[in-house]
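Structural characterization, general
Each chain is listed here by its residues.
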Amino acid sequence: MDSTRRRFIKTTAALASLLSLKSLAARSQPAGSAPTVISTWDFGKGANEAAWKVLSAKGRALDAVEQGVWVPEGDPKETTVGLGGAPDREGRVTLDACIMDENANCGSVLCLEHIVHPISVARKVMEKTPHVILAGDGALQFALANGFKKENLLTPESEKAWKAWLKEAKYKPVANIENHDTIGMLALDASSNLSGACTTSGMAYKMRGRVGDSPIIGAGLFVDNEVGAATSTGVGEEVIRICGSHLVVELMRQGNFPQEACEIAVKRIVKNQPKKSKEIQVGFLALGKNGEYGAYALQPGFTYAVYSNEVPNTIFKAPSYY
Ligand code: ASP
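First, a word on what this report is: a plain description of the structure on this page. All residue numbers here refer to positions counted from 1 along the written sequence of the relevant chain. Where totals are concerned, whole chains, interfaces and linings use all residues; where local detail is concerned, this predicted model gives features only for residues with pLDDT of at least 70, and gives and counts side-chain atom pairs only at 80 or more. To get the side-chain values, take all heavy atoms of the structure and skip hydrogens and water.

**A few points about the overall build of the chain**
- For the purposes of this entry, the term helix denotes a DSSP run of H or I that reaches at least four residues, the term strand denotes a run of E that reaches at least two, and both are numbered from the N terminus. Scanning the chain for helices and strands turns up 9 helices and 12 strands.
- Only protein chains enter the calculation, and the probe is 1.4 Å; a residue is then buried if its accessible area is under 20% of its type maximum, exposed if over 50%, and partly exposed in between. Taking all 322 residues of the chain together, 55% fall into the buried category.
- Method for areas: the Shrake-Rupley scheme with a 1.4 Å probe, in which residue coverage is limited to the protein chains shown. Accessible area for the chain stands at about 14200 Å²; split by element, carbon and sulfur atoms hold 55% of it.

Structure, rendered in structure tokens:
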């Protein structure tokens, strides 16, 4: 037997055993179904409720994710998203959001002030402009021209917390504590189409102009209708460095289940930043084309909410590296 042929047989045998491993694992992966909606953190539950109204009426995943994330965006008590979000160190509430549909259409706003629902401005960018991203004053100008109302997003409570922070003015993101948390939502509709939305006020007391992963397509959110969708939360700088959500989707394309894909992405962060990764939180959440889902985080404490015909809007704890 020549060596090329021997090599081919060896590779085929290795591939066959890999495939049988995968199919074994497939049996242990909980089966998914359409429609399904999943979203980050405990506040995902209220958001899922709104999204499910759209999905259960056979609505579009895109409408479901937009209407789902409106819930925390409009809630002044949620200090990490939309109205009532913690400001930057100069006291300004600057919001980041993006949205992506089943046809790879996407829209995003960066550092947008005064608008309660940045996700809907992001959707307008996607649908009404030739661009993907609008930032800062330009994004505000576009929002106002499209009928959004200018509002004060700094609530008395978040102003008080910011003033207390100013006394020491130490910037130290603490895992799972209220100075960060984004809502990332992924939905699969009854027609088996995927969409996602991601919206945040970003890291509390960030530098003026700082933008995290959340509004960056491929970092905070990515949707590929053939494969699946992913979103992230936590210290955005670390997610951007690995193009996190795009990485998770590509790992699913290579045959990894959603949770495995999230785990590999988290391990990439650990490899890049072994010391820093011990002190910060990053979590990924993924939804496969058939409704299977999974999550993985650096630290314990990352939760996510799932709503489908089989799972009645339930909060789960993601497994973690540390
Ligand atoms: N990822 C967000 C950011 O870096 C914050 C968060 O999810 O906690 O802006």
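Continuing now.
**Notes on empty space enclosed by the protein**
- Here a cavity denotes grid points, spaced 1 Å and computed from the protein atoms alone, that fit a 1.4 Å probe unable to get out, and a pocket denotes an open set having protein on both sides within 12 Å along at least 5 of 7 lines; residues with an atom within 4 Å of a point are the lining. Grid points are joined across faces, edges and corners, and a volume is the space filled by probe spheres set on the points. Counting across every chain of the model gives 1 cavity of 30 Å³ or more.
- Taken as a whole, the largest cavity encloses approximately 70 Å³ of empty space.
- Along its surface, the largest cavity is lined by 12 residues, and Thr 182, Thr 200, Gly 202, Met 203 and Gly 234 are the ones closest to its centre.
- Throughout, the ten residues Ala, Val, Leu, Ile, Met, Phe, Trp, Tyr, Cys and Pro are labelled nonpolar, Asp, Glu, Lys and Arg are labelled charged, and all others, Gly among them, are labelled polar. By residue class, the composition of the lining of the largest cavity is 1 nonpolar, 8 polar and 3 charged.

**Topic: the packing of aromatic side chains**
- Centres within 6.5 Å are what make two rings of Phe, Tyr or Trp a pair, Trp counting through its six-membered ring; a difference in plane orientation under 30 degrees is then read as stacked, over 60 as edge-to-face, and the rest as tilted. All told, the structure shown has 7 aromatic pairs when counted by the stated rule.
- Between the aromatic rings of Trp 52 and Tyr 307, the centroid separation amounts to 4.5 Å while the plane-to-plane angle is 10 degrees, which identifies the pairing as stacked. With Trp 52 in helix H2 (residues 44-56) and Tyr 307 in strand E11 (residues 303-308), this residue pair connects regions lying 255 residues apart in the sequence. The burial state of Trp 52 is the same as that of Tyr 307; both residues are buried.
- Both rings, one in Trp 165 and one in Tyr 205, keep their centres 4.7 Å apart while their planes meet at 20 degrees; by these two values the pair is stacked. Taken together, the residues span a long stretch of sequence, with Trp 165 in helix H6 (residues 156-168) and Tyr 205 in the loop between strand E6 (194-200) and strand E7 (221-224) at a distance of 40 residues.

**Some words on the site of the ligand**
- Near, as used in this document, describes a residue that has one of its heavy atoms within 4 Å of the molecule or strand being considered. By nearness alone, 12 residues border the ligand, and Asp 181, Thr 182, Arg 210, Asp 213 and Gly 234 come closest of all.
- For the ligand, an oxygen atom lies 2.5 Å from a polar atom in the side chain of Thr 182.
- For the ligand, the accessible surface in isolation is 270 Å², of which the surrounding protein chains cover 100%.
- A breakdown of the residues in the shell around the ligand according to their chemical character gives 1 nonpolar, 8 polar and 3 charged. Polar contacts, as counted here, are pairs of nitrogen or oxygen atoms within 3.5 Å of one another; within protein the pair requires one atom able to donate a hydrogen and one able to accept it, and residues that are adjacent in sequence qualify only if both atoms are side-chain atoms.

**Notes on the pattern of salt bridges**
- The working definition used for a salt bridge is a side-chain nitrogen of Lys or Arg within 4 Å of a carboxyl oxygen of Asp or Glu. For the structure on display, the rule yields 17 salt bridges.
- Lys 170 is paired through a salt bridge with Glu 168; the nearest N and O atoms lie 3.4 Å apart. Considered together, Lys 170 and Glu 168 belong to a single accessibility category, that of exposed residues.
- Each of Asp 63, Glu 66, Arg 123 and Glu 127 takes part in salt bridges that share partners, so that together they form one network.

**A few points about the pairing of strand E8 (residues 228-234)**
- Most of E8 sits inside the fold, with 7 of its 7 residues counted as buried.
- Residues Gly 228, Ala 230, Ser 232 and Gly 234 of E8 are buried on one face, and the alternating residues Ala 229, Thr 231 and Thr 233, pointing to the opposite face, are buried as well.
- A pair of strands counts as paired when DSSP detects no fewer than two bridges linking them. Note: E7 against E8, 4 bridges, orientation antiparallel. Along E8, the bridge assignment pairs Val 223 with Ala 229.
- The turn joining E7 and E8, which pair antiparallel and follow one another in sequence, is formed by 3 residues.
- Here E8 runs beside strand E9 (residues 282-288); their pairing, made up of 7 bridges, is antiparallel. Within E9, the position partnered with Ser 232 by the bridge is Phe 284.

**Considerations on the environment of Leu 287**
- Counting through the fold element by element, Leu 287 comes out in strand E9.
- Owing to a relative accessible area of 0%, Leu 287 belongs among the buried residues under this scheme.
- Expressed as a C-alpha distance, the spacing of Leu 287 and Val 227, which sit 60 residues apart in the sequence, is 8.9 Å.

**Quick word on the environment of Val 54**
- By secondary structure assignment, the location of Val 54 is in helix H2.
- Along the sequence, Val 54 and Gly 68 sit 14 residues apart, while their C-alpha atoms lie 9.0 Å from each other.
- Residue contacts are counted whenever heavy atoms from the two residues lie within 4.5 Å of one another. Sequence-distant contacts of Val 54, that is, excluding residues within four places in its chain, are made with Gly 59, Arg 60, Asp 63, Ala 64 and Gln 67.

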